[in-house]
Amino acid sequence: MIYKTSFRILLVLNLGLSSAFAADYESPPSIPFDMVFHEVAIKGDNYSVAPSVPTDGFLTRAVIDSEFGEFVALGPGMLEIRLHEIDALVKLQTFEASDEFQRGAKESAQEKLSGLKQVYEKPKEAAAGISAGVSRFFKRSYRATKTGVQTINDVVHDRTPGSIEGAGAKLPGNQQSQALPDSESKYKKAAKASGSTAVNILGFDDSRRKLAKRLGVDPYTTNPVLDEKLDEVTWSIFAGDFGIDVATSLIPGSIVVTTSSLVTNWVWDTPPGDLRVKIEQTLLGIGVSQEDVDRLLRHRAYPLSYQAALTAAMEAMGEVNGHENTMPLALSVQTVDQARFVVNTMRMLQRYHETVQPLREIDVQGTVFAITDKDTMVIAAPVDYVSWSEMLDRFSANDRFSSKPRELYIAGTMTTMASEQLSKRGWIVHQNSDLFN
């Protein structure tokens, strides 16, 4: 307890925060649904959303009711993603009830199970027959094994896999909106984190990613209901007598993906083992330490799609100095929503770098910020609805931000009071920024 108190005091002193702050702050309000979600219907064929949306000073929390259960969407873009996932669940449900699916899924899985057994018992012999090449197989197998061993060590010692202590735990999104699937034992979680080599060799994972792509959803979704349904349907296709291409062609609809979903063809089309190797090589190539790469690859709050999106954003800003400064913040988040906040922050800065003006340096002060070639300080915040709070007061008054021109880009809007207070301190605020897309 003494250590934690001392740490907080040192943190305040090191950040150079003012000791005198405004006494009048706004209580985060609950706002009408249509005040923030302008292009989404409050009720659809398969869902309804609560008409009042609570906020926490930065993010909205929309509650969705559906036949598949209740879902919570925290932060910008997540409501559209969750509604799209509900649509995907409806399509999978319809597909499972179809005559074509029933005929294909009724066949036994003995041939596939026999293959799985052979791979487990004679992995080297099985690897030798992989057309993609033994070298690539052992690279991704080594990466998966290394991640798995490190994850097991984390969970056995009751540590959150991959995480470290730091400022990430204080970022918006500290209340988990949708927990990752949590039904397995801690050892099974560790095995799942490393990936099943045998199943991947025989094509189950490839089939699952193809199914996710057809539906336009994240194959590494944080929605436990969809995650389970993708496994269930893929296994039925995988064990049956018809291929994934034929099966997915029977699923109605086309791909419609929200732009903030963090999913790209890179995630859909790359086996997870190869994707981990690519992430590792890319991050090492831009100066991230091996230890931080290992932590990210096994971090409980970062699905593989988030890891890939973060890596892609950092790679796109490869000539910008200071990538390594991002990692302590990224690795200290505690929830999936905080991880998504970090990833979307980096993606917004990437878009700024590509479309507004070049960035020179990336640094961290409570959140990620950047400095442009013209010496302007830029902060990008993937938030919905900002209220004037003590946290924002302290952050905006930081002495480090007072010496340069400074701009704040937010995905959503803020209250009049918050806007006025920031303006008084010299901040130029861009609301409803198209950097978030």
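For the structure given in this document, a descriptive report is provided here. (Residues numbered from 1 in each chain as written. Predicted model: local features only at pLDDT ≥ 70, side-chain atom pairs only at ≥ 80, totals over all residues. Heavy atoms only, no water.)

### Let's talk about the pairing of strand β7 (residues 367-372)
Here is step 1 of the chain: Taken across its six residues, β7 has six buried, putting it largely inside the fold.
Here is step 2 of the chain: Pairing of strand β6 (residues 359-365) with β7 involves six bridges; the strand directions are antiparallel. Note on β7: the bridge partner recorded for Ile362 is Ala370.
Here is step 3 of the chain: Here β6 hands over to β7 after one residue, with Gly366 in that stretch at a positive phi of 80 degrees. (Buried < 20%, exposed > 50% of the residue type's maximum accessible area, 1.4 Å probe, protein only. Helix = DSSP H or I, 4+ residues; strand = E, 2+ residues; numbered from the N terminus. Pairing = 2+ DSSP bridges.)

### Digging into the pattern of salt bridges
Here is step 1 of the chain: The final tally for this structure, using the stated rule, is 16 salt bridges.
Here is step 2 of the chain: As a salt-bridge pair, Arg208 and Asp227 come within 2.9 Å of each other at their nearest N and O atoms. Here Asp227 lies in helix α11 (residues 224-239) and Arg208 lies in helix α10 (residues 204-215), a separation of 19 residues in the sequence. The exposure classification of Arg208 matches that of Asp227, with both residues buried.
Here is step 3 of the chain: Asp269 serves as the salt-bridge partner of Lys213, at 3.1 Å between the closest nitrogen and oxygen. Of this pair, Lys213 sits in helix α10 while Asp269 sits in helix α13 (residues 265-269); the two residues are 56 residues apart in sequence, bridging distant segments of the chain.
Here is step 4 of the chain: One network of salt bridges, with partners in common, ties together Asp205, Asp206, Arg209 and Lys210. (Salt bridge = Lys/Arg side-chain N within 4 Å of Asp/Glu carboxyl O.)

### Quick word on the sheet that holds strand β2 (residues 47-49)
For sheets, the rule is that strands pair by backbone hydrogen bonds, running either parallel or antiparallel.
Here is step 1 of the chain: Spatially, β2-β4-β5 is the arrangement adopted by the three strands of the open sheet, whose pairing is antiparallel. With one partner strand each, in any of the chains shown, β2 and β5 (69-74) form the two edges of the open sheet. Pairs of neighbouring strands in the sheet enclose a mean axial angle of 25 degrees, with direction left out of account.
Here is step 2 of the chain: For β2 and strand β4 (residues 61-66), the ladder comprises three bridges, and the chain directions are antiparallel. Within the sheet, the bridge partner assigned to Val49 lies in β4 and is Ile64.
Here is step 3 of the chain: Packed on one face of the sheet, helix α3 (residues 78-97) meets β2, β4 and β5 and runs near 150 degrees to β5. (Axes fitted to C-alpha atoms, helices over the stretch in contact; angles between N-to-C directions. Contact = heavy atoms within 4.5 Å.)

### Concerning the nonpolar core
Here is step 1 of the chain: Judged by nonpolar contacts, the single largest core of 103 residues is most densely connected at Ile64, Leu79, Tyr302 and Leu310.
Here is step 2 of the chain: For this core, the element with the most residues is α3, which contributes 10 residues.
Here is step 3 of the chain: Beyond its immediate chain neighbours, meaning those up to four positions away, Tyr302 contacts Leu296, Gln307, Leu310, Ala330, Val333, Ala339, Val342 and Val343. (Core = buried A, V, L, I, M, F, W, Y, C linked by side-chain atoms within 4.5 Å.)

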